[in-house]
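A structural walkthrough
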Amino acid sequence: MIRRLLAVSLALTAWLAGTALGSVGVTPQAAGTPLLEIGRAHADYGPTLDGTQPIFILVLGSDARPGTPMDHGLADSIHILGINPAAHRATLYGIPRDSYVPLATGGTNKINAAMPPGGVPGEMQTIENLTGIHFDYYVLTGFVPFARAVNDLGGLVIDVPYDMQGDAGHYSAGPQRMSGGEALAFARTRHYLPLGDFNRSMNQGYVMMSALTQFRAEYAKDPVNLFTWLGAGLRNTMTTLPVDELVRLGNLAMSIPTKNVTNLVAQGTTGMVGSQSVVHLSDTNAAMWQKLAATGYLLPKQIPPAFTPNPLIGG
Amino acid sequence: MPGSDGGPGSLEAVLATDGKTPLREAASPSTGRSQKTAQRSKVARRRAILGVGAAVVVVAILFFVFGRGGNGIPGIGHSQQPTPDLVFHQTGANYESTQIDGNKAAQLATAKQVATSMKDQLDQLFKTSYLDADTWGDTGEIEKYFTDDAKGHLPTDVGVLTLGDNASDTYTYVQPQKSTVSAKVLTDGHGNALRGVSSIDFVAVATHKDGTYSKITVTGGLFFVKDGNTWRIEGYRLDRTEKPTTAPSTTPSPTSEAS
């Protein structure tokens, strides 16, 4: 009995001594390479949107001049932004402002004409009736607010898709930083483009894609930039997007690379109604809108060339 | 079991007081001086061995229970130095307005107030997660600083939000160096705070068990949202780097003091 206890005691003593010696700090004067060098680690979390349920945001640009409320000008820029959080994909679907369609505010006219009498709800209802897509939110801006927002961001690096003569000068293809006024001029350029409003609508989509690229880079570089973008956006738009949702969208945008965003414009032909030039939308849009409504995005292979008008390829 | 019946040699008997020593109970008036001496010596040896054995077992149990996994007995496994306090140095507090024509004075006042609240949270968070050896790697101890959604991600990011999951296997002490924080608060035009973000530069020198040192930095942003009367962290984008360094200065930094 005694011997057994003695043996157990010795074993425990040896274990205890070994463990203690192995864990008690060594004299700190010794310098050298640490046992463990973590190097670099990253932690990243933010409230975001998830799930396969698509989100649709109507993005509008008003032509309201000073004295006219922004939400009662003509809706000269119209884009459907569809987002599928789970797929990390999005699509911008432009609709030419001259599209001749039934208006929710009454009668048939150019699609941009629904906003002056009906405000954003009238314009949104018109587009919902046309496309079958239900919008979760809208964002509306105007000439001056758009330019001011870009300036608030320190300019926008826009990836110009091809050499083009703009209404305010020549643009070389490639990324270039533009001030608010320059970005507005680029987004409004129409007269020198062979397909006029179709090309312009595509360019407006490129502006938004460039903004996504820049936002992702700046947010990744410094998280504080999320607030810079939120502030610039909220100060210069009218929107139904609450701050909570904008924060989630901002974090979601970090998981949607620009290459996962498709940009297209509704297909149609130009014509005349009375004395005004209009666009008659093609029936083929209906199938595209149906696909978009189902998933929130369209893959490049699902988009016929005619929906991505580009003067260089004769689209 | 031999000796467990309370007779001579049993644990109770061996550990008994002088008034009831086994020696006296076992002594016979007829035994000689040499027998008495031998018996006394034998019992004393047994008592000593069992006493040492029991003490070792008790210490071993205590060590096993408290000395593993980061909650060490003072002096064993961790430095005996007290946990230092951490006070981030506030380098700026500003606002980002969501309205063009807002009340600038009200928004700035809000920004300063919220910046202080966020800084106080960060002082405690980093003290708990990086400086206090008793709570290194314990995400449960820092949950209260985060929103319910963010709490679920703490285990994933334990290596950045805390010194590390098994930090006590590597480190013995962490001394904070000058650490800074600047804040930006998203406000409405009336000066109501909608969100806050703290941009931090946390610096500390860690002492390793092998006596070497490393400089730890944690930089990036932590996003806060108001939850009742408290600002809690709803998101973060942080980078941690660690590089070998020399022994830290014994002089406390301007932003850290021993508690």
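Basis of the calculations
Residues numbered from 1 in each chain as written. Chains lettered and ligands numbered in written order. Predicted model: local features only at pLDDT ≥ 70, side-chain atom pairs only at ≥ 80, totals over all residues. Helix = DSSP H or I, 4+ residues; strand = E, 2+ residues; numbered from the N terminus. Contact = placed C-beta atoms within 7 Å. Buried ≥ 20, exposed ≤ 12 C-beta atoms within 10 Å, placed from the backbone. Pairing = 2+ DSSP bridges. Axes fitted to C-alpha atoms, helices over the stretch in contact; angles between N-to-C directions. Parallel < 35°, antiparallel > 145°, perpendicular 65-115°, else oblique. Left-handed = near helix turned anticlockwise from the far one by under 90°. Nonpolar A, V, L, I, M, F, W, Y, C, P; charged D, E, K, R; others polar. pLDDT = per-residue confidence, 0-100. Expected span 1.5 Å × (residues − 1). Bend = angle between axes of the 7 residues up to and from the residue.

1. Focus: the overall build of chain B
Regarding its fold elements, chain B presents 6 helices and 8 strands. For chain B, the sequential pattern of α-helices and β-strands runs α-α-α-β-β-α-α-α-β-β-β-β-β-β. The contacts in chain B between residues at least 6 apart in sequence include a share of 63% that link residues at least 24 apart.

2. Overview of the overall build of chain A
A count of helical and extended segments in chain A gives 8 helices and 15 strands. Out of the 315 residues in chain A, the part that is buried amounts to 44%. Sequence-distant contacts in chain A: of pairs separated by 6 or more residues, those separated by 24 or more amount to 64%.

3. Details of the sheet that holds strand β7 (residues 137–142) of chain A
Residue and element names in this part refer to chain A. The 6 strands are arranged β12-β7-β2-β3-β4-β13 in an open sheet whose pairing can be described as mixed. Among the strands making up the open sheet, the edge pair consists of β12 (238–239) and β13 (261–265). By the bridge criterion, 8 bridges tie strand β2 (residues 55–62) to strand β3 (residues 75–84) in an arrangement that is antiparallel. Pairing of L60 across the sheet is with I78, part of β3. Helix α5 (residues 197–221) contacts β3, β4 (89–94) and β13 of the sheet and is inclined by roughly 160° relative to β13.

4. Comments concerning the environment of L299 of chain A
You can see L299 of chain A is positioned in the segment after α8 (284–295). A C-alpha to C-alpha distance of 32 Å links L299 of chain A and G231 of chain A, two positions 68 residues apart in sequence.

5. Here's the deal with helix α7 (residues 243–253) of chain A
Taken residue by residue, α7 of chain A has L246, V247, R248, G250, N251, L252 and A253 of chain A as its buried positions. Looking at the packing, one finds that the buried side of α7 of chain A touches α5 and α6 (225–235) of chain A together with β5 (193–208) and β7 (230–245) of chain B.

6. Points about the packing of helix α3 (residues 143–152) of chain A against helix α4 (residues 180–188) of chain A
Residues and elements named next belong to chain A. The contact between α3 and α4 brings their axes to 7 Å, and the two run at 130°. By the angle between their directions, the pair α3 and α4 is classed as oblique. For the pair α3 and α4, the sense of crossing is right-handed. Mapping the contact onto sequence places F143, F146, A147, R148, V150 and N151 in α3 and G180, G181, A183 and L184 in α4. Taken together, the residues that form the contact of α3 with α4 break down as 6 nonpolar, 3 polar and 1 charged.

7. Brief notes about the confidence of the model for chain B
Residues and elements named next belong to chain B. Overall, the predicted model of chain B reaches an average pLDDT of 80, with 65% of residues at or above 70. Below pLDDT 50 for its whole length, residues 1–30 participates in 31 contacts with residues either more than four positions away or in separate chains. Across residues 252–259 the pLDDT falls below 50, and counting only partners more than four positions away or on other chains, this stretch makes 24 contacts in the model. Note on the complex model: pTM 0.79, ipTM 0.85.

8. Considering the environment of D149 of chain B
Counting through the fold element by element, D149 of chain B comes out in helix α5 (residues 148–151). If sequence neighbours within four positions are ignored, D149 of chain B has contacts with P47 of chain A together with E234 of chain B.

9. Here we look at the pairing of β13 of chain A
Residues and elements named next belong to chain A. With respect to burial, β13 is a largely interior element, 5 of its 5 residues being buried. Burial along β13 is two-sided: the face carrying V261, N263 and V265 and the face carrying T262 and L264 are both buried. Bridge count between β4 and β13: 5 bridges; the pairing is parallel. Counted as the bridge partner of T91 is T262 from β13.

10. Here we look at helix α2 (residues 115–131) of chain A
Residue and element names in this part refer to chain A. Taking 1.5 Å as the rise per residue, α2 with 17 residues should run 24 Å; its terminal C-alpha atoms sit only 17 Å apart, a clear shortfall. The largest bend in α2 comes to about 80°, at P121. Where the residues of α2 are buried, they touch β2, β3, β5 (100–102), β7 and α8. Two residues or fewer after α2 comes G132, characterised by a positive phi angle close to 80°.

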